[in-house]
Structures are given as C-alpha cells and as structure tokens.
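Understanding the architecture of this molecule
Below, each chain spelled out in residue letters.
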Amino acid sequence: MFIVFTNISFPTSIIPLTMSASAPDNSCCATDVPGEGCGEIFSQKTAAGLCARCHHLTKIADDALEHGRFAQIPQCGDCGLAFKNITGVHCGACKKLKDQELGRVDQILIDKHHDRAMAFNARLSRNGSQPHPASNPLSQVNNQPTISLTTESITAAKQVAGLAREAHLTVCIDMRTRGKISSAFGSTVWAYPELVTMAEIPADVIASVNRTWVKTHDYSLQREDSELRWHGNRPPEEATEVMALGEFYQAHQVLPHANVYLDNVLKQHNKIKGKRVCLKLWINEEGWEARIDHDLSLHKGMGKKRGGSSGDGDHAKRPHVSGPMESSFMFSKRPSVTFSEPKDRIQLRFAKTRVVEQTGEVEVEWKVGEVHVEGEICQTPLGQGKSKQVYALTIGEKAYVAKHFFNISKGEGIVTVDENASQLEAEIWRVKRGQWFWKQFKETAHRHHHIQFVEAILAQEDLGHGSEPSIASHTSSKCVKDSDCQAIYWLLEERRTPVVNNYSYTLSHPDQYGLKGKTISALTHFTWLHSQHTLQFADM
C-alpha cells in the first residue's frame, strides 16, 4: 500500500487519496478489499481510487438522507464526475473530446477562439517592445477610444446611438436686485430636460425666491416683476424666450458671437461639465412697487434704529397708567380694500359650433337675436405668445381668458378686425377638429393616456346701444364699422395655469417617453393617416 497526493478537484466531489497497487487508474476501486467502490470502468478517469460519486458517498455514509439524495445525482460515464447539471451520459468536457475524436468540430470557430485569445494576450502584454503577431489581424485593433471621454461627447454619442432617453441641460440663474447679486437669494443650479420651455424655468426660480421674499415683503413676486438676461447685461435673442430649453441653447450656440452668451459665466460655474446656460434674473423692484401700488420704502423703514429720535411731538413719551385700562372700542364690519386692475364691462354673444360626426367637418353659425352675456375684461394683458394676447375675463363667477391676435407675421399690432376674426375662426376649427380626431383615436387605440382637448368658445363683443370697443380689443368703432365682419372676435377658454408642456413643435416632433408622450405621438401619426395625409398636429 502506498499513498498518492493529487491536486485534481471536481465540483461537489473530492478525489480519493488512496488506491490499490493492482487496480488500474480508470477503475473505481479504493483497496483490494472486494465491495469497496462501484467497480465501474471510466475511460477518461485519470486519478487512481474511487470515482467522484463513491468517494463522496463514503464521506456521508452516516447521513442516510444525504446519502440517498447524492446517489441519484447524474454521473459522467467517461470520467466519473458526479454533478447535478450533467445532461445525458457525458459531461461537457468529455462530450467535447468525443466530438473531436469523431471529427464533429467547427474548426473555423476553434481558430477564431484561438485568434481572439492571442489578441487578448497581446493587448495585455503590449509595451512597445513586443511585436504583434502578424498572422492575427485582431491583435492590430486599436484599443484607444475613438471619442473624447468627456461628459458632453459621451452624451452626444449616446444620443446618436439612441441610448440617451432624455437629454438634460444645466441652468444656472443668479438673482439680481438693484443691479447687484442678492445675498439673500443667491443662485440656483438645476438640471432641466431640454424639452422644458423657457417660460417654466423663471417661474420655478420665482416660486423658490418667494419663500424668502414674503418674509420681508407684504406681496409676493410674479414673473412679470423680473427680467431674464445673460451675464454682461445682454438680453436673450429675439423670440427665443418662448422656445424649449434645448432650442434656446442651440439658437445662441450657432451665432458668431456665441461666446458672449455661453462663456460669460461666474467663476463658480466654470467647473460645470456638459452643456450649460448661465443667466441672471433681474428683479425690477420699481415695477413690483407699481404693480401692487405700494411703496417699498415703507417696508424697509418700518423699524427704527436704536438711539434714533422719536421725531415730532406726536410720539412724545406719555406717563404710565396704573390700574386696569378701559376701552370704548366697538367692532364694526367694513368692506375690505383690494387691489384690482382696471376692467371694462362688455356684452358678448357666442357662436354655435357643430362637428359632423361622420366626416369631422366644422360648422360655425351666428344666430340673429342671440342672448348676450355680460362680463368684465381686464384692460392689460395677462400674458402673450408669439401671435396672441391673453386677457383675464370674468363671466359671473367663472374665470376665463379671452384671446385675440396681435401679430400675424406683419409686425406687432398690425392686425385688422377682419384678420383677427379669420384667424380665430381657424383656431376654433382646429380645436373642434382635434376633438373629433381624438374621439376617433380612442375608439381605435387599445391603450392610451387620458387627454382632454381644451373647450373653446368663439365670441363677438357687442357694440350696440352706442357702446365703445373695450380697451383690450385695441380697435375703434370706425375700424369695426369699416370691416367686413363688423364685429370684434374673441376666443374664450377656461382660465388655467400659464405653465405648459410642449410635446411637439412646428417643424420637429421629438421622441416621447411614458404613456402620455407615446399617446400624443400616436395621435399625431393617427391623424396624419386618418386625414389621408392632409392634416397633422403641430405645436402640441
């Protein structure tokens, strides 16, 4: 008897350490004692002694449950390896050897694996002194990156490959009051999606600033109390403040003097990587005072410095009063004082609009003798876009906005009464047609996000009984009488938040994500097909 030590190991098994001098290496036999081992012959068994299964069974002989479980584990008929994942009568290594013996091998695949291994080893040992194997073209592959490993270049590469789901852009905004950086409000650095409109960003900043502003002021700030500028006191390019953030950045980046806008930043913002927009939001305190009809100096002068004089005799020191204080104060109700904008009282009549169910055609009708509705419209606009101005309108207890055109590509204010009427009729046509296509889409789609088209009303301002046009209409009685329609047209909608999300533009339709975005994109394609390639939604 002699002992042999071996380093060969198998999963879930250990090769035995003893063998019989007379037993061949490929038989399962531990000693000369009969009955030890299964006695099977394994042609690929290279270590003497018991096979893998028998060796493990001898170790767990005292555990009947484990012994019975392991005895059912599959065993390779060539090498004796016992492993639960073996399928068939051979393990993976033995099956490969048999395939090679029978000529069932893919020599091309073997050569490719060999070339790849050579190339990998060559790259690991590449130090300039060892030549590349000339026979292996993979070893000549350049392992240096083909793009600059910066955040901007990697993001651009992901967008080209379609891997970037939504591009973001860093926006830095510094607050300025009275021309100086405000230490009370500081600056904000936020990452916004490029599809966010430029109108939303200042609104976010104003909302954040108001939490501090109202602690020292009686009235909060609004968007119209501020002005957005680049550093260097340069305003944004014309018509860019209504764009999406990505378009805003691109519009300034392509200019010959782009560095004046994009590179003129504060020192602490120089380390920001990727695309950035550094702006300042100037708080117009004089405009704020005028808007609320309140003098800001009153708020700053309410407290007196210690040691200051008391002024005139009205605040002279009075003697202390002893005993309980008696008062003759009596509570009486009085109307509260509110700050309101000047308004005009107007009479309106509404158009009757009908959509043909089968074809989607829109019909607009004005009935003679229609009942008029009375409302109040503000004299100053609530807001404006590229082409329309919006005025606050109240009818009874319900709040509306009234829209009319002031710019149709001929210059601001150069819009006649007839042109305004024609454009608003086209607007109500688009709204009603959109509602019709949405209804058709819902009947076809298997799944969609809940979307509701705006409910709009086409209205005329009545000038009967010698009344003059409202100031908001920006017209005169003579212009109305000389027009073909002889009426002032308004488009009414229920008043809602001024912040909007853009899903498409006039000439671009970005990819959308999420059920809402996918629904809008699908509706756009559906409309194009359902209208026989004649209509398409834009600027949604």
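The structure we're discussing is the one just above.
Notes on the structure follow. All values reported here derive from a predicted model rather than from experimental measurement. (Residues numbered from 1 in each chain as written. Predicted model: local features only at pLDDT ≥ 70, side-chain atom pairs only at ≥ 80, totals over all residues. Heavy atoms only, no water.)

Examining the pairing of strand β9 (residues 373–378)
Here strand β6 (residues 343–350) pairs with β9 via six bridges, running antiparallel. Residue pairing across strands places K343 opposite C378, the latter belonging to β9. Across two bridges, the pairing between β9 and strand β11 (residues 388–395) is antiparallel. For E376, the partnering residue across the bridge sits in β11 and is T394. (Pairing = 2+ DSSP bridges. Helix = DSSP H or I, 4+ residues; strand = E, 2+ residues; numbered from the N terminus.)

Here's the deal with the environment of N501
Relative to the assigned elements, N501 resides in the loop between β14 (488–494) and α13 (514–530). By relative accessible area, N501 is classed as partly exposed at 49%. Here the alpha-carbon distance between N501 and L195, two residues 306 residues apart in the chain, equals 8.1 Å. (Buried < 20%, exposed > 50% of the residue type's maximum accessible area, 1.4 Å probe, protein only.)

Description of the packing of helix α1 (residues 52–59) against helix α2 (residues 64–71)
At their nearest, the axes of α1 and α2 sit 9 Å apart, and the two run at 175° to each other. Taken together, the axes of α1 and α2 are roughly antiparallel relative to one another. Side by side, α1 and α2 meet where R53, H56 and L57 of the first sit next to H67, F70 and A71 of the second. Looking at the contact of α1 with α2 residue by residue, the class counts come to three nonpolar, two polar and one charged. (Axes fitted to C-alpha atoms, helices over the stretch in contact; angles between N-to-C directions. Parallel < 35°, antiparallel > 145°, perpendicular 65-115°, else oblique. Contact = heavy atoms within 4.5 Å. Nonpolar A, V, L, I, M, F, W, Y, C, P; charged D, E, K, R; others polar.)

Structural notes on unusual backbone geometry
A positive phi angle, near 55°, is found at H474, a position not held by glycine. Note that H474 resides in the loop between β13 (456–462) and α12 (477–482). By relative accessible area, which is 56% here, H474 ends up exposed. Here H533, not a glycine, exhibits a phi torsion of approximately 65°, which is positive. Tracing the backbone shows H533 in the segment after α13.

Some points on the nonpolar core
In globular proteins that are soluble, nonpolar side chains generally tend to be buried together. Judged by nonpolar contacts, the single largest core of 27 residues is most densely connected at I201, L245 and V277. Going through the elements one at a time, β1 (168–177), α6 (200–213), β4 (226–230), α7 (245–253), α8 (258–262), β5 (276–283) and α9 (285–292) are the ones with two or more residues in this core. Looking at which element gives the most residues to this core, the answer is α6, with five residues. L245 has contacts with L169, V171, Y192, P193, E194, V196, M198, I201 and V277, leaving out every residue within four places of it along the chain. (Core = buried A, V, L, I, M, F, W, Y, C linked by side-chain atoms within 4.5 Å.)

A closer look at the pairing of β5
Extensive coverage of β5 is indicated by the burial of seven of its eight residues. Across eight bridges, β1 lies against β5 in parallel orientation. Each residue of the ladder has a partner; that of T177, found in β5, is I283.

Things to note about the packing of aromatic side chains
Summed over the entire model, instances satisfying the criterion amount to nine aromatic pairs. With centroids separated by 5.6 Å and ring planes inclined at 25°, the aromatic side chains of W438 and F441 adopt a geometry described as stacked. Within this pair, W438 and its partner F441 are both found in helix α11 (residues 417–444), separated by three residues, close to a single helical turn. The exposure class of W438 is buried, given its relative accessible area of 6%. Joined through ring pairs, the aromatic side chains of W230, F248 and Y261 make up one cluster. (Phe/Tyr/Trp six-rings, centres within 6.5 Å; stacked < 30°, edge-to-face > 60°.)

Considerations on the pattern of salt bridges
Under the defined criterion, the tally for this structure stands at 15 salt bridges. The partner of R345 in a salt bridge is E374, with the nearest N and O atoms 3.0 Å apart. Highlighted residues: R345 in strand β6 and E374 in strand β9, separated in sequence by 29 residues. Judged by relative accessible area, R345 falls into the exposed class, the value being 55%. A relative accessible area of 41% places E374 in the partly exposed class. Of the charged contacts, one joins E427 and R430 as a salt bridge, the two residues approaching to 2.7 Å between their closest N and O atoms. Separated by three residues within a single helix, E427 and R430 lie in helix α11, roughly one turn from each other. (Salt bridge = Lys/Arg side-chain N within 4 Å of Asp/Glu carboxyl O.)

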